[in-house]
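Observations on the three-dimensional arrangement
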Amino acid sequence: MHCFARLRTIAATLALILMTQPTLAGTILSPVAVINNTIGNYKGISGFPANTDETPMFNQSGLSLSFTSGATDFAAYIASNPTHIGGTPEIGNGWISPAYCPCTGILDFDLGANYSIKQMALWNMAANSGANVAEISLYSSTTADFANPTAVGSFTNPEMPDDNRPRAPYPATVFDLDDSVGRYVRLQIHTYYDAYLVSEIGEIAFDVSAVPLPPMLWLFAAACFGILSAGRPQRTALPS
């Protein structure tokens with residue numbers, strides 16, 4: 001009897017876990033922080049703030065349409081054609097590397113929890129296309145030190161502005177990543193266009209979903225429910 005009661009408690013707990021799992025539909029998610037930046041941030045010269053950081057790259061500043069991070073459907077949001085204001089004013093609407101640097105290196109993003117990561121959306125910002133990042137590689141990791149990273153794709157970010165779109169606002173470019181699970185995403189910038197004085201990114205967000213539960217948990221849950229059903233006391237009909 002005690003064993004049956006314990007199984008019933010376990011089964012009830014599993015049912016609660018399974019019923020409260022987040023939806024697996026892809027939502028758009030902003031990083032919560034940049035935990036590693038080997039390139040550095042723009043330091044003010046005349047007319048600009050003395051110090052900048054990476055925050056404007058993931059706080060939706062400069063976007064024409066806002067979204068609720070972790071809730072808004074990624075595909076529906078991108079289909080609404082959200083654009084980025086671009087480079088006027090540049091400071092406060094995106095990330096800018098130090099001036100006159102070799103502006104290549106690593107930006108590590110913290111998503112706040114483990115997710116199934118599927119795509120990345122990137123909005124250009126540079127008023128001069130030479131400051132936009134060009135060749136990039138992405139990696140995901142479940143640990144902040146990227147001790148065992150998963151390579152999820154290498155791409156070339158399209159140059160913009162160009163002859164077809166000489167002025168802002170700029171649309172998002174969506175990069176289809178190899179599906180992976182992780183909390184951290186590393187963006188490695190290999191090149192930027194025309195070796196301009198800085199490299200820039202307007203906004204970054206990710207298409208994520210909840211991490212699927214391990215198959216063994218579902219099997220264990222089914223076994224528990226089966227045992228419970230088999231062990232349920234049968235009622236005996238009373239004679240009429």
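Residues numbered from 1 in each chain as written. Predicted model: local features only at pLDDT ≥ 70, side-chain atom pairs only at ≥ 80, totals over all residues. Heavy atoms only, no water.

1. Comments concerning the environment of W123
With respect to the helices and strands, W123 occurs in strand 5 (residues 105-123). We classify W123 as buried; its relative accessible area is 0%. Counting along the chain gives 61 residues from W123 to G62, while the straight-line C-alpha distance between them is 9.7 Å. (Helix = DSSP H or I, 4+ residues; strand = E, 2+ residues; numbered from the N terminus. Buried < 20%, exposed > 50% of the residue type's maximum accessible area, 1.4 Å probe, protein only.)

2. Here we look at the pattern of salt bridges
Pairing between side chains of opposite charge can happen when the charged atoms of each approach one another. Tallied over the entire structure, the rule returns three salt bridges. Two residues, D108 and R186, come together in a salt bridge whose shortest N-O distance is 2.7 Å. Taken together, the positions of D108 in strand 5 and R186 in strand 8 (residues 170-189) put the pair 78 residues apart, joining distant regions of the chain. Across this residue pair, the class does not change: D108 and R186 are buried. Here D179 makes a salt bridge to K118, at a shortest N to O gap of 3.8 Å. In this pair, D179 is assigned in strand 8 and K118 in strand 5, connecting sequence segments 61 residues apart. Among the residues examined, D179 registers a relative accessible area of 55% and is labelled exposed. (Salt bridge = Lys/Arg side-chain N within 4 Å of Asp/Glu carboxyl O.)

3. Section: the state of the cysteines
All told, the structure shown has one disulfide when counted by the stated rule. The residue that forms a disulfide with C101 is C103, at a sulfur-sulfur distance of 1.9 Å. Between C101 and C103, the disulfide has an S-S torsion of 130 degrees and is therefore right-handed. (Disulfide = S-S within 2.5 Å.)

4. Section: the pairing of strand 5
Sheet analysis places strand 2 (residues 33-37) next to strand 5, joined by four bridges and oriented antiparallel. Residue pairing for strand 5: A33 is matched across the bridge by D110. The pairing of strand 5 with strand 8 spans 14 bridges and is classified as antiparallel. Directly across from L122, in strand 8, lies its bridge partner T173. (Pairing = 2+ DSSP bridges.)

5. Structural notes on the side chain of E54
Looking at where E54 falls in the secondary structure, it is placed in the loop between strand 2 and helix 2 (74-79). On the basis of relative accessible area, E54 is assigned to the buried category, the value being 13%. Among the polar contacts listed, one links the side chain of E54 to the side chain of N37, at a separation of 2.9 Å. (Polar contact = N/O pair within 3.5 Å; in protein donor to acceptor, adjacent residues only side chain to side chain.)

6. So, the pairing of strand 6 (residues 135-141)
In terms of residue burial, strand 6 counts as a mostly covered element, since five of its seven residues are buried. Note: strand 6 against strand 8, six bridges, orientation antiparallel. Its bridge partner being in strand 8, L138 is matched across the sheet by L187.

7. Side note on the packing of aromatic side chains
The description of an aromatic ring pair uses the distance of the two centres, along with the angle that the planes make with each other. Under the criterion given, the structure shown has three aromatic pairs. On the basis of an interplanar angle of 65 degrees and a centroid distance of 6.3 Å, the ring pair of F109 and F206 is categorised as edge-to-face. Highlighted residues: F109 in strand 5 and F206 in strand 10 (residues 203-209), separated in sequence by 97 residues. Ring geometry for F155 and F175: centres 5.1 Å apart, planes at 50 degrees, overall tilted. Pair noted here: F155 is in strand 7 (residues 150-156) and F175 is in strand 8, with a separation of 20 residues, a long-range link. Judged by its relative accessible area of 21%, F155 is partly exposed. Judged by its relative accessible area of 5%, F175 falls in the buried class. One Lys or Arg, R186, reaches over the ring of F146 and ends 4.2 Å from the middle of that ring. (Phe/Tyr/Trp six-rings, centres within 6.5 Å; stacked < 30°, edge-to-face > 60°. Lys NZ or Arg CZ within 6 Å of the ring centre and 35° of its normal.)

Nothing here speaks to function; it is all geometry.
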